[in-house]
Amino acid sequence: MKHRILILEDDPDMREALEYALSDFDCLFCSSLAQGFKEWTRGWDLIILDLSLPDGNGLELLQVVRLESDVPVLVFSGRKEESVILDAYAQKGDDYITKPVRLPVLKAKISRMLDRTEIRRFEGYSLEVSKNALSGLCPVQLTRTETAVLEPLFGSGYHAVSAERIIRSVWTRTGHDMSLKTLSVRLSGLRKKLKPAGLAVLGSRVHGYWLQRTEDEDASG
């Protein structure tokens, strides 16, 4: 399956060059910030973001994305000022590339970013997103939905993740809506599945959810 990339770029010549260079990926091009706001929640593996768009600054979208998602974001812009670059990193952009750029270099950087995002880690456990697999004390095969539930938890460590954010992860990864009641049922089954692996999902709808490694003797029971 091809990696899915959302690209916000309004320059026709640059879009044509990117479309050719990134033909190995499943790309959707947006020429405006408004279109980017409509499309970003559709489960992309990477977002490439220009700053100077006809209807606003691409960092406006980055701020919204970071409220709900850890999807990698590559800022790709002709702005070379140090203050602009630092601001993009402060907004939690993953990387910043200035135009013009050699397209093979850009493609190599994108491939590297995508490789890094395939695996999430927490306290000696590895969640392989593309394989729906958890490795650690013992291997656990997951469903796509279970992987989508765990992904934001792995990305947040011991910090609580809201139920709404987990539901958003399920929607972006699978395209399926999930109610709070269904999430509770899914978490109940997932907790049983993770127990032999020594990993627990703690928390509640009110306080959010987080991961915790359990004692080996508890995990084996």
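Residues numbered from 1 in each chain as written. Predicted model: local features only at pLDDT ≥ 70, side-chain atom pairs only at ≥ 80, totals over all residues. Heavy atoms only, no water.

Q: Any chance you could break down the pairing of strand S3 (residues 46–49) for me, citing the residues and the numbers?
A: Residues of S3 alternate between two faces, with Leu46 and Ile48 on one and Ile47 and Leu49 on the opposite face, all of them buried. The pairing of strand S1 (residues 4–8) with S3 spans four bridges and is parallel. The residue of S3 that forms the bridge with Leu6 is Ile47. (Buried < 20%, exposed > 50% of the residue type's maximum accessible area, 1.4 Å probe, protein only. Helix = DSSP H or I, 4+ residues; strand = E, 2+ residues; numbered from the N terminus. Pairing = 2+ DSSP bridges.)

Q: Explain the environment of Phe25 residue by residue, including any values.
A: When you line up the elements, Phe25 lands in the loop between helix H1 (12–21) and strand S2 (26–30). By relative accessible area, Phe25 is classed as buried at 11%. Each residue touching Phe25, except ones within four places of it in the same chain, is listed here: Lys2, His3, Ile5, Lys107, Ile110, Ser111 and Leu114. (Contact = heavy atoms within 4.5 Å.)

Q: If you had to explain the packing of aromatic side chains to someone new, which residues and values would you point to?
A: A complete count under the given rule lists one aromatic pair for this structure. Where Phe122 meets Phe154, the ring centres are 6.2 Å apart and the plane angle is 75 degrees; that geometry is what we call edge-to-face. Placement of Phe122 in strand S8 (residues 119–122) and of Phe154 in helix H6 (residues 144–156) is noted, with a sequence separation of 32 residues between them. Relative accessible area serves as the criterion here: at 4%, Phe154 is assigned to the buried category. The cationic tip of Arg4 hangs over the ring face of Trp44; the distance from NZ or CZ to the ring centre is 4.1 Å. (Phe/Tyr/Trp six-rings, centres within 6.5 Å; stacked < 30°, edge-to-face > 60°. Lys NZ or Arg CZ within 6 Å of the ring centre and 35° of its normal.)

Q: A description of unusual backbone geometry should follow, citing residues and the corresponding values.
A: Cis peptide bonds are those with omega within 30 degrees of zero, and the linkage from Lys99 to Pro100 qualifies with -5 degrees. Along the polypeptide, Pro100 turns up in the loop between strand S7 (95–98) and helix H5 (103–117). In the Ramachandran plot, Lys92 falls in the positive-phi region, its phi being about 75 degrees despite a non-glycine side chain. The residue Lys92 is located in the loop between helix H4 (82–90) and S7 in this model.

Q: Tell me what's going on with the nonpolar core, and back it up with residues and numbers.
A: Formed by 26 residues in total, the largest nonpolar core has its most connected members in Leu134, Leu150, Phe154 and Leu183. Where this core is concerned, the elements lending two or more residues are strand S9 (125–128), H6, helix H7 (163–174), helix H8 (180–194), strand S12 (199–204) and strand S13 (208–213). Setting aside residues up to four positions removed in sequence, Phe154 forms contacts with Arg120, Arg121, Phe122, Tyr125, Ser126, Leu127, Leu134, Leu199 and Leu211. Core analysis: the second largest hydrophobic core is formed by 20 residues, Leu8, Leu61, Val84 and Ala88 among them. (Core = buried A, V, L, I, M, F, W, Y, C linked by side-chain atoms within 4.5 Å.)

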